[in-house]
Amino acid sequence: MHSISRQRRLTVVALSTLAVAVSATACSSGSGSSGSKDAAGGTYTVWDPYPQFAKGSDWAKLLDQCGTKAGVKIKRTAFDTSDLATKTLLAAQQGNSPDVLIVDNPVVSTLAEAGVLTTTDDNKLDTSKTDANLLAAGQSGGKTYGIPIGANTLALYYNKEVLKKAGVDISSVKDWESLTAALAKVKKAGKKGITFSAIGTEEGSFQFLPWFWGSGAKLTALDSAQGVTALSLWKGWLDKGYAPNSVLNNTQTTSWQEFASGDYAFSENGTWQLANAKKAGFDYGVIPVPAAEGGNAAAPTGGEFVTTPVQKDSARYGTSQKLVTCLTSGDALYETDTTLSYVAPTSEVQDKQVAANAALKPWADAVRAAKGRTSDDLGTKYPKISEQMWKAVQSALSGSKSPKDALSEAQLAVK
């Protein structure tokens, strides 16, 4: 584990790849202070991407509780999501990795391939209760590198009053044809159809993926007929005025602000907008993004994995395993996901969440159908694919290329 080849892998990993892979979705913002590992054996370091949770917060208290159960003290350092990925690589090069690392799920495969992380087999972590579709985001080369702490994903928010005035029954929206028909009715009634983010960043790819996967397309073939159909759907909405041209520059935040104006029937957005939805001043509902021919499309998962980085002293792994298990199982997992506003990665805790808050049911359904961006063993290939995808979306929606030509060019660039 500490061979020259591992050091070479760490050196070779491009930080630019990490920057692209880091989710631009529901993760935290802000900055945290750095810190080195305490040499004392009774202190274990935890790095996380939640600087919004200060000392004394429910999250910090939960970490301390897990430390107490394991018989150790916790030294926690919080970083901005993008900073955390970079700091982790540097710490690994210096032989100073944290004992427990909580990291955005698309970055897991990059760190794993760089030799930074141990596997769940190494640390005897039980993943049997974790939903397979969520666990897949942390798998590379047939091995699993951690456990998801929770998940968020995308769905469609809808304005009940706008749909009512347009004569649209939300139960009729089951596939792309019926959704497009609903948008036509909304426009005819003098309101606006749907808003989303198609910006030329990972956010744009993140928002396009439910439609891309919902068409039956695969990321290994961007230019498939199914993929072209998905991009043509979005382009058709813009051409007919069902979606605004502002989607080309919309982030998920600005897209939400458009929906919050009360003029739009639908908004593609995530679980992280639930608090804002309650403040919007109008009745809303949520449905999963429909697949082309019906059913729920697979939406990409956001959220983090709890991982155990490689240590010089392997004797530390036993306690690290206890800490990870504490955070990702049983009542603690419920507390964790309630604190972080995530849907749990296990059906057992998801059911408990829905029982406590019925509004979470469509989100639990969406998470159960969701898919990791690096799943299908894409690993570090995903960032390059994603970059070409968002470029194709921009080209097609702006009218500079047809959906077919844009995706054909994207596929050639990936190869």
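Before going into details, it helps to say that this report is about the structure given with it. Computed from a predicted model, the values in this text were never measured in an experiment.

Moving on to the side chain of Gln-350. Counting through the fold element by element, Gln-350 comes out in helix α15 (residues 347-356). Among the polar contacts listed, one links the side chain of Gln-350 to the backbone oxygen of Ala-344, at a separation of 2.7 Å. At a separation of 2.6 Å, a polar atom in the side chain of Gln-350 contacts the side chain of Arg-368. When neighbours within four sequence positions are excluded, Gln-350 is seen to be in contact with Asp-131, Val-343, Ala-344, Pro-345, Ala-364, Val-367 and Arg-368.

Below, the discussion takes up the state of the cysteines. Cysteine pairs can be linked by a disulfide, which is a covalent bond between their two sulfur atoms. Taken as a whole and assessed by the stated rule, the structure comprises one disulfide. Covalent S-S linkage joins Cys-66 and Cys-326, the inter-sulfur distance amounting to 2.0 Å. Around the S-S axis, the bridge from Cys-66 to Cys-326 shows a dihedral of about -75° and counts as left-handed. In this pair, Cys-66 sits in helix α3 (residues 58-70) while Cys-326 sits in helix α13 (residues 317-327), placing the two residues 260 residues apart along the sequence. For the pair formed by Cys-66 and Cys-326, the shared burial category is buried.

Another aspect to go through is the pattern of salt bridges. Inspection of every chain in the model, using the stated rule, returns 13 salt bridges. The residue Asp-99 makes a salt bridge to Arg-316 at a minimum N-O spacing of 2.8 Å. In this pair, Asp-99 is assigned in the loop between α4 (81-93) and β3 (100-104) and Arg-316 in the loop between β11 (304-307) and α13, connecting sequence segments 217 residues apart. Arg-316 matches Asp-99 in its accessibility class, with the two residues each being buried. A salt bridge links Lys-371 to Asp-376; the nearest nitrogen and oxygen atoms lie 2.9 Å apart. For Lys-371, a relative accessible area of 23% corresponds to the partly exposed category. Via salt bridges that share partners, Asp-351, Lys-361, Asp-365 and Arg-368 belong to a single interconnected network.

Once that is clear, we can look at the nonpolar core. Trp-211, Leu-219, Trp-237 and Phe-266 are the most contacted members of the largest nonpolar core, which has 53 residues in total. Of all the elements in the fold, those that place two or more residues in this core are β7 (154-159), α7 (160-166), α8 (176-188), α9 (202-214), α10 (225-239), β9 (264-270), α17 (382-398) and α18 (403-414). In this structure, Trp-237 is in contact with Leu-179, Thr-180, Leu-183, Ile-194, Phe-196, Trp-211, Tyr-242 and Ala-243, ignoring residues within four places of it in sequence. With 24 residues, the next largest nonpolar core counts Trp-59, Ile-147, Val-306 and Tyr-342 among its residues.

Cut-off values and rules
- Residues numbered from 1 in each chain as written.
- Predicted model: local features only at pLDDT ≥ 70, side-chain atom pairs only at ≥ 80, totals over all residues.
- Heavy atoms only, no water.
- Helix = DSSP H or I, 4+ residues; strand = E, 2+ residues; numbered from the N terminus.
- Polar contact = N/O pair within 3.5 Å; in protein donor to acceptor, adjacent residues only side chain to side chain.
- Contact = heavy atoms within 4.5 Å.
- Disulfide = S-S within 2.5 Å.
- Buried < 20%, exposed > 50% of the residue type's maximum accessible area, 1.4 Å probe, protein only.
- Salt bridge = Lys/Arg side-chain N within 4 Å of Asp/Glu carboxyl O.
- Core = buried A, V, L, I, M, F, W, Y, C linked by side-chain atoms within 4.5 Å.

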